[in-house]
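What follows is each chain in one-letter form.
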Amino acid sequence: MTANGLLQIGFYLVVLLLLARPLGNYMARIYSDELPAFVRWAMPAEKLFYRLCRVDAGQEMRWTEYARALLWFSLAGFVAVYALQRLQGWLPLNPQRLGAVAPDSAFNTAVSFVSNTNWQGYGGETTMSYLTQMVGLTVQNFVSAAAGMAVAVALIRGFARHTTETIGNFWVDLTRSILYVLLPLSLLLALVLVGQGVIQNLSPYRTVTTIQAADYKSTPHDAAPAPTESTQLLAMGPAASQIAIKQLGTNGGGFFNVNSAHPFENPTPLSNFLELLAILLIPAAFCHTFGAMVGERRQGRVILAAMVIIFIGFLALAEYAEQRGNPAIAALGVDQAASAEQAGGNMEGKEVRFGIVDSALWATATAATSNGSVNSMHDSYTPLGGLVPLALIQLGEVVFGGVGCGLYGMLVFVLVAVFIAGLMIGRTPEYLGKKIEAFDIKMAALVILIPPLLILGGTALALLADAGRAGIANPGAHGLSEILYAFSSAAGNNGSAFAGLGADTRYYNTLLGIAMFIGRFWLIVPVLAIAGSLAGKKRIPAGAGTLPTDTPLFVALLIAVVLLVGALTFVPALALGPIAEQLAMLGVH
Amino acid sequence: MWKEIRTALISFALLTLLTGVAYPLLVTAVAQLTMPDQADGSLIRQHGHLVGSALIGQSFTDPKYFWGRPSATTPTPYDAGASAASNMGPTNPALLAAVKARVAALRKADPDNHAPVPVDLVTASASGLDPDITPAAAYYQTARVARLRGLPPATVRRLVAQYTKPRLFGLFGEPRVNVLQLNLALDALSR
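What you see is a predicted model, and the numbers here were worked out from it, not measured in a lab.

## A word on the overall build of chain B
Inference 1: Helices and strands together make up the secondary structure of chain B, namely six helices and six strands.
Inference 2: Starting at the N terminus and ending at the C terminus, chain B contains elements arranged as α-α-β-β-α-β-β-α-α-β-β-α.
Inference 3: Taken over the C-alpha trace, chain B has a radius of gyration of 22 Å; the compact-globule value for 191 residues is 16 Å, which it surpasses by more than 25%.
Inference 4: With the C-alpha coordinates of chain B rotated into their principal frame, the extents come out at 80 × 45 × 35 Å.
Inference 5: When burial is assessed residue by residue, chain B has 58% of its 191 residues classed as buried.
Inference 6: For chain B, the proportion of contacts with a sequence separation of at least 24, taken over those separated by at least 6, is 58%.
Inference 7: As displayed, chain B has an accessible area near 7700 Å², and 64% of this comes from carbon and sulfur atoms.
Inference 8: Distance from the positive charge centre (18 side chains) to the negative charge centre (12 side chains) of chain B: 4 Å.

Written as structure tokens, this is what we have:
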């Protein structure tokens, strides 16, 4: 990697870790009824909200009530997003007069945004009216993220409390996540992004007269002279407000088709840095929130350390593979070497202002979290470079992971790590003074096993069907990778894609929609069940046989468990996709 | 159960008003009042006409101009109403054929130039709208542009240097040249 690359990445990680700590501590206070003085002025608004919703903020919920509240709330969101897309043709704020979205695509997008996946089966600027973007999609960017945060907080309370039946109030956790965390951060980020050139308006698309006319790509043979286009249509819209929360809430659904590669979504290296920071900020902060709320800060840092170490490993592979470039292109007399005047490397599907370093860093970050926004096209990555986001998603979105979902996913792996260690030393596994028993491990197993089932099962199903194979855009092993990536992304609620796959069909919209739904809600329910079970347990003091979980040894154990479970599940599929393609690419030259 | 549903509906409606109406409208109002140029797309005006956006590339195929990145948008390249990438994989024969054709077109326009072609000039951008090329890609084209415009090569190279944006604080992003702005400056120089 280049010296500048090391500097950019090092600076990024340092800033991230410096900001994550105070934010994590702040969030811990928000969720523990200890609001800091500088936000107390907003409390009347919060109280008014509860009064209007007829919520008794002081009334705590059992895990089943908590889960029901979340599911009803998500259902309301699903219906609203679906209806907005279907009716947008008759509704205001639609200057381009975009018509109703097709039912299968609208279903897919509604599930996608309610499940915090934000898979884009559609092209934003050619499909969604401003009203749909604002009132449908931006809202889900906030509330699906906040719902994930609420579940994580409920699980943390399961560890922090003992001998109680309740794990908090869903409506309070949801409201506070939005009011005190997501909304202020989004306002700030949105305005800074506008300063960098991200657009924010409600105007119709603008037509400009270009300097030189553009040739049509395919022209009828009898047309002479060939027709040209001397104007350019510039898509407009309220982009900045959506992009800010899209990044902060690990949502990832772009305002435009090409997401954060679009110059109006991500115009400068500074906007790129801030959007990148926003991807990992809250997931990293949540580790500190966890440590603060269970009263043992080291436990939070242990989890963060495991995440950072796995992240850096994968990042190094992506940077190396992309910088090395494509040998088949080098053979055509093309210069891919990095120099002072160019980034070099594999530039297909990448933007010059981001080059290799910022593109590979983004790809790693967006897949490690369940963000799924892209600033370069993963489908055009070298085989090993593309393996990085694919494998990170398949690890279960626990390396930082989504806001909230990342932490609760990682805590499930912690339980499994403790369980495995317990088996090895012949003791009942314990974590933070709680005995981990059969019910907890069964629920943990569900959380860990459902996504692979969806990913591998879905991929197999699509490969067997004509409608599934018809979507493949690239020949050979890469075609398998495209389908594998799609189901990984959907089941992991990530939302990025090997976007060549023609997935806006009834077949894929339905299948991937189901995968996103199960990947979200069939994990949330067992996680809440664990929370309820843990909260009910007695706290037992640590004894001589207790495995300490705040040591470097435990960090290594946790990393090993995450990587082993992932590898055992997915190596065969990866061998047929990216690894086979890598061998083919090197074999040709 | 009815009580739970009612709470879900009211809270969803209120949060929609807050995050889907109040929030985007507030950002729009502040952005339009304080940064209207950026909020409207950093448009470039010349002699009273809109000629483009400083952030969005345009198609240049005339050898008198600097060429930008290949664009995968349809039906025309650099269609800013429908951004798109090629999404071609690294071993796709169609990708290699496209690169080969682009190398050939560059060589045909500038037969005396035998230097290896900078990679960004022959690979499609992620957005299809990339406004920039690398300084290497700009310098690769200076001899051709200078010859066809009857300008001294040193003048054109100076113009490229003048329009090269370095890394922010020497750290972030990559050095780059905005093709539209460079070509506008070139036209102003030749006129």
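Still more to cover.
## With respect to the pattern of salt bridges
Charged atoms that come close allow side chains of opposite charge to pair.
Residue and element names in this part refer to chain A.
Inference 1: One pass over the structure, following the stated rule, counts 20 salt bridges over all chains.
Inference 2: A salt bridge links Glu-322 to Lys-350; its shortest N-O distance comes to 2.6 Å. Of this pair, Glu-322 sits in helix H10 (residues 297–324) while Lys-350 sits in the loop between strand E3 (334–335) and helix H12 (355–368); the two residues are 28 residues apart in sequence, bridging distant segments of the chain. In this structure, Glu-322 and Lys-350 share a single accessibility class: buried.
Inference 3: Of the charged contacts in the structure, one is a salt bridge between Lys-537 and Glu-437, with a shortest N-O distance of 2.5 Å.

## Description of the state of the cysteines
Residue and element names in this part refer to chain A.
Inference 1: The full count for this structure, using the stated rule, is zero disulfides over all chains.
Inference 2: Among the cysteines around Cys-287, which has no disulfide bond, Cys-405 carries the closest sulfur, lying 13 Å off.
Inference 3: Since its relative accessible area comes to 1%, Cys-287 is described here as buried.

## Remarks on helix H13 (residues 383–394) of chain A
All names here are of chain A.
Inference 1: In this model, H13 (twelve residues) spans 16 Å end to end at C-alpha, consistent with the 16 Å of a helix rising 1.5 Å per residue.
Inference 2: Judged by how many residues are buried, H13 sits mostly within the fold: eleven of twelve residues are covered.
Inference 3: Within H13, burial applies to Pro-383, Gly-385, Gly-386, Leu-387, Val-388, Pro-389, Leu-390, Ala-391, Leu-392, Ile-393 and Gln-394.
Inference 4: Backbone geometry just after H13 places Gly-396 at a positive phi near 105°.

Thresholds, definitions, all that
- Residues numbered from 1 in each chain as written.
- Chains lettered and ligands numbered in written order.
- Predicted model: local features only at pLDDT ≥ 70, side-chain atom pairs only at ≥ 80, totals over all residues.
- Heavy atoms only, no water.
- Helix = DSSP H or I, 4+ residues; strand = E, 2+ residues; numbered from the N terminus.
- Rg over C-alpha atoms; globule rule 2.2 N^0.38 Å.
- Buried < 20%, exposed > 50% of the residue type's maximum accessible area, 1.4 Å probe, protein only.
- Contact = heavy atoms within 4.5 Å.
- Areas by Shrake-Rupley, 256 points an atom, 1.4 Å probe, with all protein chains shown as cover.
- Lys, Arg positive; Asp, Glu negative; His and termini not counted.
- Charge placed at Lys NZ, Arg CZ, Asp CG, Glu CD.
- Salt bridge = Lys/Arg side-chain N within 4 Å of Asp/Glu carboxyl O.
- Disulfide = S-S within 2.5 Å.
- Expected span 1.5 Å × (residues − 1).

Purely geometric stuff here, so don't read any function into it on its own.
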